[in-house]
Amino acid sequence: MLLVLDGLGGLPREAGGPTELEAASTPNLDRLAAEGQTGLSQPVGLGVTPGSGPGHLALFGYDPVASNIGRGALSALGLGLRLDAGDLGVRLNFCTLDDRGTVVDRRAGRIETGLNRALVKKLNEIEIPGVELEFATESQHRAVLIIRGAYLSPAVQETDPQAVGVPPLEPVPLTATAQHTSAVLRLVTEAVRDCIGGESLANFVLMRGYAGLPELESLSSLYGLQAVCLATYPMYKGLARVAGMAVVDGLDSADEQMTALATAWDDHDYFFLHHKAPDARGEDGDFDAKVSAIEEMDQRLPDLMKLGPDMLVVTGDHSTPSVLREHSWHPVPCLFWGGSVLPDTVDRFGERACGQGSLDVFTAQSIMALMLAHGGRLQKFGA
C-alpha cells in the first residue's frame, strides 16, 4: 500500500520551531516509523519544485521527467471526460482580477464547487469557430477545458503567472506549429472575459497544464500488479487511470475512502490511498489546519492496519510548507513498514527525524522498487 499525504513536507513557522508534521500529534505514524525504515524522498531532483503530476509519477516508479504529463489531461481523465488523440486538455483556475486586470487571487478565494458549476454552465455557451469546447468543473476553483479540433498543440505559454499583483500572461506560441492553438486560446480568454468578467469574485480563468492524450506502460505490464486508486480528487484519479489502475469513483470523504479500501481489499494487490487536505491547507498558508489534516489521517491508521498490509509506504508527493503557501523543493518524509524491512533507530515521523533514517535522502522513483523488493515480488538479477 502507498499512502500519500499530499504536500506532506513543511517548514517551521518560527526559527527553531517544529514543522507542521513535527507539530502534529501522530502516535500511529510514530509507531510505524519506530518499527520501520525511514528517510527523505526527493520527488524529482535537488532544488526542483515538482507539480503533483511528476511527484506522483515518481512514486509509481515512472521517470518523472521523461513521463511528465500536463495536468489538463490528468484532470480530464480523472473526471471521466472524453479525451481523444488530437484533443487538448487545459487545467483552469478561476481567479479574481481587479479593475486594472491584475490578478489579486489566483484561486478566487477557493470558491464553492456549486459556484464553479454555475460558472462552467455559462462558459459552455462560448463558441469559437473551427473548434469544439467543453468546460467541466473539477472542484472548488479548479476546472478543465477540453478543446477538440485539428492541429492543436500543447506548446503554448501558460497564462497563470504563478503570482499576484501582475496581469495574466498571454498564450503565446512556443513553436511555429502552435500558432493556431495560441490564436484559439486568445479567443477563449476574450470570450471568458466577456462571459464572466462581471462576476464579483471569480471573474476570469488562468490556464496551464496543456496536454494531449497520454500513454504510459501500465503497472500491470511493468510489475504484474493489480492496482487500485482510492482518491477523492479527479486529477489523482486521472494519474491512476494513465498508470492502468482501477479507480473507485464517487469518493468524497476519508470515511468513504476507508470503506472502499476494505471493500476492494480482496480484489487487488496494490493500493494507492490519497489524502489531499495537507496540501490544500499548506497552499492556504494555514499552519494549524495542515497540522490537523495530518492528525486526521494518523487517527485512521489503526483501521487501515487492521486490513493487514504486507508492505506499507507513507510519504508525500512533494512538500507544501504553509510559510511558503506553495509547493517547494524540500525532500519529503518517507517510511517503509512491513515485509523484509530492517528497522532503523528513528522513533518518530518528521522531517528532521527521517533525515536521520537509514535511507538518507533518496529518489522517489526508487520507492516502487523498494516496495516490491521488501514485499518479495522481485526476482534475482543476473546469474
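Residues numbered from 1 in each chain as written. Predicted model: local features only at pLDDT ≥ 70, side-chain atom pairs only at ≥ 80, totals over all residues. Heavy atoms only, no water.

### Some points on the overall build of the chain
Phase 1: When its secondary structure is counted, the chain shows 13 helices and 13 strands.
Phase 2: For the chain, the spread of C-alpha atoms along the principal axes amounts to about 60 × 50 × 35 Å.
Phase 3: Taking contacts inside the chain between residues at least 6 apart in sequence as the whole, the part at least 24 apart equals 73%.
Phase 4: With the model as given, the accessible surface of the chain reaches about 15,700 Å², and the carbon-plus-sulfur share is 50%.
Phase 5: When the 29 basic and 49 acidic side-chain charges of the chain are each reduced to a single mean position, those positions are 2 Å apart. (Helix = DSSP H or I, 4+ residues; strand = E, 2+ residues; numbered from the N terminus. Contact = heavy atoms within 4.5 Å. Areas by Shrake-Rupley, 256 points an atom, 1.4 Å probe, with all protein chains shown as cover. Lys, Arg positive; Asp, Glu negative; His and termini not counted. Charge placed at Lys NZ, Arg CZ, Asp CG, Glu CD.)

### What about the packing of helix H4 (residues 71–78) against helix H8 (residues 234–242)?
Phase 1: Look at H4 against H8: their axes get within 6 Å of each other, and the N-to-C directions meet at 90°. Between H4 and H8, the crossing angle belongs to the class labelled roughly perpendicular. Here Arg71, Leu74, Ser75, Leu77 and Gly78 of H4 come into contact with H8, specifically with Pro234, Met235, Tyr236, Lys237, Gly238, Leu239, Arg241 and Val242.
Phase 2: Looking at the contact of H4 with H8 residue by residue, the class counts come to 7 nonpolar, 3 polar and 3 charged. (Axes fitted to C-alpha atoms, helices over the stretch in contact; angles between N-to-C directions. Parallel < 35°, antiparallel > 145°, perpendicular 65-115°, else oblique. Nonpolar A, V, L, I, M, F, W, Y, C, P; charged D, E, K, R; others polar.)

### Some remarks on the packing of helix H2 (residues 27–35) against helix H11 (residues 287–305)
Phase 1: Between H2 and H11, the shortest axis-to-axis distance is 7 Å and the interhelical angle comes to 60°. With respect to H11, the element H2 is oriented oblique. Contacts from Pro27, Asn28, Leu29, Arg31 and Leu32 of H2 reach H11 at Asp298, Gln299, Leu301, Pro302 and Met305.
Phase 2: By residue class, the composition of the contact of H2 with H11 is 6 nonpolar, 2 polar and 2 charged.

### A closer look at the packing of aromatic side chains
Phase 1: Under the defined criterion, the tally for this structure stands at 4 aromatic pairs.
Phase 2: On the numbers, 5.1 Å between centres and 80° between planes, the contact of Phe60 with Phe272 is edge-to-face. In this pair, Phe60 sits in the loop between helix H3 (52–59) and H4 while Phe272 sits in strand E10 (residues 270–275), placing the two residues 212 residues apart along the sequence.
Phase 3: With a relative accessible area of 0%, Phe60 lands in the buried category.
Phase 4: Using a relative accessible area of 0% as the deciding quantity, one classes Phe272 as buried.
Phase 5: Lying over the aromatic face of Tyr233, Lys276 brings its terminal NZ or CZ to 5.3 Å of the ring centre. (Phe/Tyr/Trp six-rings, centres within 6.5 Å; stacked < 30°, edge-to-face > 60°. Buried < 20%, exposed > 50% of the residue type's maximum accessible area, 1.4 Å probe, protein only. Lys NZ or Arg CZ within 6 Å of the ring centre and 35° of its normal.)

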